[in-house]
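# Observations on chain architecture
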2 protein chains.
Amino acid sequence: MSVARILIHGKWVEAEASSFFRANNPATGEALAMQFPVSKWEDCERALAAAAFAVKELHDIAPAKIAAFLEEYAAAIEAAADEIVKAANEETGLPASPRLKDVELPRTTNQLRQAAAAAREESWKQATIDTARNIRSSFAAIGPVVVFGPNNFPLAFNGISGGDFAAAIVAGNPVIAKAHPLHPNTTRLLAEQAQMAADATGMPKGLVQLLYHVSNEDGLKLVSDARVGAIGFTGSRNAGIHLKRAAEEAGKPIYLEMSSINPVIFLPGTLEENAEVLAKELADSCLAASGQFCTSPNLILLWNGQTSEKFISTVAAIFNERAPQPLLSQNAPHQLSSGTKAFIDGGAQLVTGGKNASGPGYRFTNTLLRTSGKDMLAKPHELQREVFGNVTMITTVSDEKELAAILEKMEGNLTGTIYSAKSGKDDAVYARIESTLRQKVGRLLNDKMPTGVAVSPAMNHGGPFPATSHPGFTSVGIPASISRFAMLQCYDGVREGRLPEILRDKIKNSETWRSIDGAWVRG
Amino acid sequence: MSVARILIHGKWVEAEASSFFRANNPATGEALAMQFPVSKWEDCERALAAAAFAVKELHDIAPAKIAAFLEEYAAAIEAAADEIVKAANEETGLPASPRLKDVELPRTTNQLRQAAAAAREESWKQATIDTARNIRSSFAAIGPVVVFGPNNFPLAFNGISGGDFAAAIVAGNPVIAKAHPLHPNTTRLLAEQAQMAADATGMPKGLVQLLYHVSNEDGLKLVSDARVGAIGFTGSRNAGIHLKRAAEEAGKPIYLEMSSINPVIFLPGTLEENAEVLAKELADSCLAASGQFCTSPNLILLWNGQTSEKFISTVAAIFNERAPQPLLSQNAPHQLSSGTKAFIDGGAQLVTGGKNASGPGYRFTNTLLRTSGKDMLAKPHELQREVFGNVTMITTVSDEKELAAILEKMEGNLTGTIYSAKSGKDDAVYARIESTLRQKVGRLLNDKMPTGVAVSPAMNHGGPFPATSHPGFTSVGIPASISRFAMLQCYDGVREGRLPEILRDKIKNSETWRSIDGAWVRG
């Protein structure tokens, strides 16, 4: 049986493996053929040494070279799209089309190309010049970035091809990617394209490196290594908290996206206007990818009353009708079952679902629960846990005061949504509750579901803890996401010829926005 | 004997005190008259509740009101300058003039006025608009900010008047200041002006609050409270590390400035050109404020040889000639003595100084030590500790390779300086060592000492851990320092009338720079 090689210092080499693993097909439950190594520390050490070496070579690299690599890589992914999509479909159970081939793969290459454009344009560096004092500063590479990708986006958030990867590369850093062990072969195929693109564009060896799996202990050691510049992690709250503690103890910036229940509030007037359509919109959002989106609405807040009861029945009916889709991991049905049980133990009632579903592979019935506002206030901690999958909680409140109290007790979230009447009937309530919700979420939405995360310079895919580790950063959106992997470098009285190109009085790049003596100037 | 009151929710009230303390005059060693309370948790609780309340009132505040407060406060400090300077002189032993009256107080009011201008201009919000998708984001208030000021700048870095304070206020946050217990009366006088300015400009109660002292345990509890948005701390590495751990465990952003030895490298050619002048320049910088600057050069790197020996003798002679100035705390001479002893135990030789100085108050002889590059490489941890005061280490290296190895092992620093020959003779060495030093420091200087920290938009007073907790932020420089106390808030599909003014299509403020569809536009 073939064992995959790891990518170290520009070469595919045999791992120093402590053990081996295989991925499963979530749609069938069958194990896939290829074996992957769980690396010992020696492999981390090799990757770190090569990354530290690459830092030196990247120090003076021309931004156009970085852009050329990213564009070559995007083209290479497109050329290998069939094989990559096939592998991702096998390893995740996500539909090959439209999801992987027509949505996620184009999103991935689009991100890489936007990143290339940002690398060329250089405005992300926020070059700031005080000519009178000859003090100049800009953002620049922070050092090797370790990226842990999540299970739910095998391409667009993959540690070797996703948003964190692209942002770290634009900032001029080498990346050590740790594959998600649920889709190692997809990651391997992407890394092959990345390395070919790096070779084709003359990038330093060690720009992109790949490990498939490490022990928990080695993971903690890796993120706290002195050679590391920063870490990107998207995954579970439990794993994230451990990595966060280790990295921060060593003084390493770590950006984590961990946990979010994405509250959606329907103000009374909006359901009166449009309950049927909204019920379908909500169910579509909750059940998209079987609820395995970071921004999936897990907590729905409604007013008590007949309109809400009818709405709940409609949502429940849709949940019932739709066939349960595959979950990403073998363990997921068990996690959803115990998460549902914990909600019921906390005082919630099951409306529909709540059990393992029939059919091949890993599935759980589409699950809807409900609580009263009073119950929610009594046990906010128990009832606001993220259960990652097709499990949604509806809470009905008796009045605005109760809703406000629930929002006050809410943890940080990626998103918060308010649907309100077109008539303006809900506007006064909106105005009163908005400020509390605003402080708790990275992105506030009106009248639309949070599951779409556009790759826009104005996007914020971030939010207060525990949604992420710092509410000032976003992991989606270029150029904003780049600054996470950059340090601020100031030059004070440094001689002109020694300044980086971006900080000289006259620069070749006519596209770059720089702040010179207080005004933004282009070129 | 009078006991000072604390400032809570707009009123000067009696503390719930667990004990009381007095400050000393470092120039004489005498205890000062006024007593100050060490607050119990109840006082923290009162401050937190008032701050959380103030957040609501600040949610929609007009930027011009914040600016008016900051300007009123700056004017009030100037009006009370004599009294404030007198108190600061008594409590710190720093010269009333020029240091406190003519340098630090104007710096403080200048910072507040620059902050006011930034509040009015609003460009710090980095408003970013994607008109096609109607996604809009900007930085906005993060929540109550707790500021711990250091011992060494009683005005310009004071928790109630310094850079962290100003940045937190511009971002729209209430501040809970924790006075440094070495200058409580100075802090009280500043807080009086702050509260009068807040009253005069109609700011919410609880915008500025002051505690003098809390137990270590309550300090940790304070920074990890759910109501806190962020924390600013300038002080010792030991205290900083404990606060960092507590805040980060609770998911709170904490910005710390903790420890920096600020390496200064003299390349061989520069000493050949100018040794006498440079020796004086170095000694002036090392002994300014008795070495108690965050950017004081603690580690000097020279090449072995006759020129360096002569240079060392000259520096030593100046160290000897100059009368030791007061240190900030009663404990400082002991700390410098044990720090010097630790260096000697680590292999360093004492060139001059190394003992308590005669004269009243707290003084230590100006101290110069030296090591070889080999010793430094053998014990980098022991020999690169920050000893906060008039203690400087010179290391002579045998060649460039040894220097490069020392730089590789160096921890993160606020600054790094390279002096090189005007003739260009050192340029090749400069080019080879620069990249290693660059990654280790927030600010790289040429041919000047690091002890000046200009309040400029291009300044970076920050650097990699342990200099600070995150190399992407600066604590000096407006507007850059403001973003530390802001969260990124995105509005996705939000109805026009509900957007904050800064994110609407048309805005009244003609000064604001915004990024609209990829281009910076003013007004």
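Reading the values: rules and limits
- Residues numbered from 1 in each chain as written.
- Chains lettered and ligands numbered in written order.
- Predicted model: local features only at pLDDT ≥ 70, side-chain atom pairs only at ≥ 80, totals over all residues.
- Heavy atoms only, no water.
- Helix = DSSP H or I, 4+ residues; strand = E, 2+ residues; numbered from the N terminus.
- Rg over C-alpha atoms; globule rule 2.2 N^0.38 Å.
- Buried < 20%, exposed > 50% of the residue type's maximum accessible area, 1.4 Å probe, protein only.
- Contact = heavy atoms within 4.5 Å.
- Areas by Shrake-Rupley, 256 points an atom, 1.4 Å probe, with all protein chains shown as cover.
- Lys, Arg positive; Asp, Glu negative; His and termini not counted.
- Charge placed at Lys NZ, Arg CZ, Asp CG, Glu CD.
- UniProt positions renumbered as here; feature names shortened; annotations may be inferred.
- Pairing = 2+ DSSP bridges.
- Right-handed = clockwise from strand over helix to strand, strands pointing away.
- Least-squares fit on C-alpha atoms with pLDDT ≥ 70 in both.
- Axes fitted to C-alpha atoms, helices over the stretch in contact; angles between N-to-C directions.
- Buried area = accessible area lost by both parts, 1.4 Å probe.
- Salt bridge = Lys/Arg side-chain N within 4 Å of Asp/Glu carboxyl O.
- Polar contact = N/O pair within 3.5 Å; in protein donor to acceptor, adjacent residues only side chain to side chain.
- Nonpolar A, V, L, I, M, F, W, Y, C, P; charged D, E, K, R; others polar.
- Domains from an automatic or database assignment.
- Disulfide = S-S within 2.5 Å.
- Phe/Tyr/Trp six-rings, centres within 6.5 Å; stacked < 30°, edge-to-face > 60°.
- Lys NZ or Arg CZ within 6 Å of the ring centre and 35° of its normal.
- pLDDT = per-residue confidence, 0-100.
- Expected span 1.5 Å × (residues − 1).
- Bend = angle between axes of the 7 residues up to and from the residue.

Counting its regular elements, chain A contains 15 helices and 21 strands. Whereas a compact globule of 523 residues would reach a radius of gyration of roughly 24 Å, chain A reaches 24 Å, a difference of no more than 12%. Overall, chain A is about 75 × 65 × 40 Å in size when its C-alpha atoms are taken along their principal axes. A burial count over chain A gives 62% of its 523 residues as buried. Considering only contacts within chain A whose residues lie at least 6 apart along the sequence, 75% involve residues at least 24 apart. Accessible surface for chain A amounts to roughly 17900 Å². Of this, 53% is attributable to carbon and sulfur atoms. One finds the centroid of the 52 positive side-chain charges in chain A at a distance of 2 Å from the centroid of its 55 negative side-chain charges.

A separate point is the UniProt feature "domain: Aldehyde dehydrogenase" (unreviewed entry) in chain A. When the UniProt feature table is mapped onto this chain, "domain: Aldehyde dehydrogenase" (unreviewed entry) is found at residues 12-434 of chain A. Taken end to end, residues 12-434 of chain A is 47% helix and 17% strand, and its first and last C-alpha atoms sit 53 Å apart.

Residue and element names in this part refer to chain B. Neither face of strand β7 (residues 145-148) is exposed, since Val145 and Val147 on one face and Val146 and Phe148 on the opposite face are all buried. Pairing of β7 with strand β8 (residues 175-178), which is carried by four bridges, proceeds in the parallel orientation. Pairing of Val147 across the sheet is with Ala177, part of β8. The parallel pair β7 and β8 is bridged by helix α5 (residues 163-170), and the resulting crossover is right-handed. The pairing of β7 with strand β10 (residues 230-234) spans four bridges and is classified as parallel. Directly across from Val145, in β10, lies its bridge partner Ala230.

Of the transformation superimposing chain B on chain A, the axial component is 0.0 Å and the angular component is 180°, with the fit at an RMSD of 0.0 Å. Such values leave the two copies arranged in the relation of a two-fold axis. Closest approach to the rotation axis within chain B is made by the C-alpha atom of Trp520(B), at a distance of 3.5 Å. Taken together, the interface assignments show that 100% of the residues at the interface of chain B recur at the interface of chain A, consistent with an identical surface on both copies.

Turning our eyes to something else, we now look at the sheet that holds strand β18 (residues 441-446) of chain B. In space, the 12 strands of this open sheet follow the order β21(A)-β20(A)-β5(A)-β6(A)-β19(A)-β18(B)-β17(B)-β12(B)-β13(B)-β16(B)-β15(B)-β14(B), with mixed pairing throughout. In the strand order of this sheet, the two ends are held by β21 (519-522) of chain A together with β14 (349-352) of chain B, each with one partner. Between one strand axis and the next, the sheet turns by 25° as a mean value, whatever way the strands run. Alignment of strand β13 (residues 299-303) of chain B against strand β16 (residues 391-397) of chain B, held across five bridges, turns out to be parallel. Bridge pairing in β16(B) places Leu302(B) opposite Thr396(B).

Take the interface of chain B and chain A next. In this complex, chain B contributes 72 residues to the contact, which on the side of chain A involves 72 residues. Buried surface at the junction of chain B and chain A, both sides included, amounts to about 5900 Å², of which 49% is carbon and sulfur. Taken as a group, Asp492(B), Arg498(B) and Trp520(B) account for 11% of the area that chain B buries against chain A, more than any other trio of residues on that side. Joining chain B to chain A, the criterion identifies 12 salt bridges. Between Glu249(A) and Arg245(B) there is a salt bridge, and its shortest N-O distance comes to 2.6 Å. At the junction of chain B with chain A, the criterion picks out 53 residue pairs in polar contact (both at pLDDT 80 or more). Within the residue set of the side of chain B that touches chain A, elements represented by two or more residues are β5 (128-130), β6 (135-141), α8 (237-249), α15 (427-440), β18, β19 (486-492) and β21 (519-522) of chain B. Taken together, the residues of the side of chain B that touches chain A break down into 31 nonpolar, 21 polar and 20 charged. With three bridges joining them, strand β18 (residues 441-446) of chain A and β19(B) adopt parallel strand pairing. Bridging across to β19(B), Arg443(A) finds its partner in Cys490(B).

Let's shift gears to the domain arrangement of chain A. All names here are of chain A. Segmentation of chain A into domains returns domain 1 (54-120 + 143-258 + 472-483) and domain 2 (264-446). Taking only C-alpha atoms into account, the centre of domain 1 sits 31 Å from that of domain 2. For the pairing of domain 1 and domain 2, the buried interface totals around 910 Å² over both sides, and the portion due to carbon and sulfur atoms is 58%. Summed over the shared surface of domain 1 and domain 2, the number is one salt bridge. At the boundary of domain 1 and domain 2, one finds two residue pairs in polar contact (both at pLDDT 80 or more). Taken together, the residues of the side of domain 1 that touches domain 2 break down into four nonpolar, four polar and three charged.

Counted under the stated rule, the structure contains zero disulfides over all chains. In this structure Cys286(B) is a free cysteine whose sulfur lies 15 Å from that of Cys294(B), the closest cysteine sulfur available.

Evaluated as defined, the whole model comprises 62 salt bridges over all chains. Lys56(A) is the salt-bridge partner of Glu408(B), the closest N and O atoms lying 2.9 Å from each other. Of this pair, Glu408(B) sits in helix α14 (residues 400-409) while Lys56(A) sits in helix α1 (residues 41-58), which puts the two residues in different chains. Of the residues examined, Glu408(B) reaches a relative accessible area of 40% and is grouped as partly exposed. The shortest N-O distance in the salt bridge between Asp447(B) and Arg495(A) comes to 3.0 Å. Residue Asp447(B) is located in the loop between β18 and β19, and its partner Arg495(A) is located in the loop between β19 (486-492) and β20 (513-516); the two belong to separate chains. Residue class for Asp447(B) comes out partly exposed when judged on its relative accessible area of 28%. If you follow the salt bridges from partner to partner, you end up with Glu45(A), Asp225(A) and Arg227(A) in one network.

In this structure the tally under the stated criterion is 24 aromatic pairs over all chains. Three or more aromatic residues joined by ring pairs make a cluster, and in this case those are Tyr255(A), Phe473(A), Phe485(A), Tyr255(B), Phe473(B) and Phe485(B). The ring of Phe153(B) is capped by Arg99(B), whose NZ or CZ atom sits 4.6 Å from the centre of that ring. Over the ring of Tyr491(A) we find Arg438(B), and its NZ or CZ is 4.5 Å from the ring centre.

This brings us to the confidence of the model for chain A. Of all residues in chain A, 100% attain a pLDDT of 70 or more, and the chain-wide mean is 97. Of the two predicted TM-score estimates for the complex, the pTM is 0.97 and the ipTM is 0.97.

So, on to helix α9 (residues 268-287) of chain A. All names here are of chain A. The end-to-end C-alpha distance of α9 is 24 Å, clearly below the 28 Å that 20 residues give at a rise of 1.5 Å each. Roughly 100° is the biggest bend found in α9, and it falls at Asn274. For α9, the complete set of buried residues consists of Gly269, Thr270, Leu271, Ala275, Leu278, Ala279, Leu282, Ala283, Ser285, Cys286 and Leu287. Where α9 is buried, its residues meet β12 (264-266), β13 (299-303), α10 (306-321), β16 (391-397) and β17 (413-419). Ala289 lies just past α9 and shows a positive phi near 50°.

Strand order in the open sheet formed by 12 strands is β14(A)-β15(A)-β16(A)-β13(A)-β12(A)-β17(A)-β18(A)-β19(B)-β6(B)-β5(B)-β20(B)-β21(B), with mixed pairing between adjacent strands. Each having just a single partner strand, β14 (349-352) of chain A together with β21 of chain B make up the two edges of the open sheet. Neighbour-to-neighbour, the strand axes of the sheet open up by a mean angle of 25°, direction not taken into account. As paired elements, β6(B) and β19(B) share seven bridges and run antiparallel to each other. Residue Ser137(B) lies in a different strand from β19(B), and its bridge partner there is Cys490(B). Helix-sheet contacts for α9(A) involve β12, β13, β16 and β17 of chain A, and the interaxial angle to β12(A) is about 150°.

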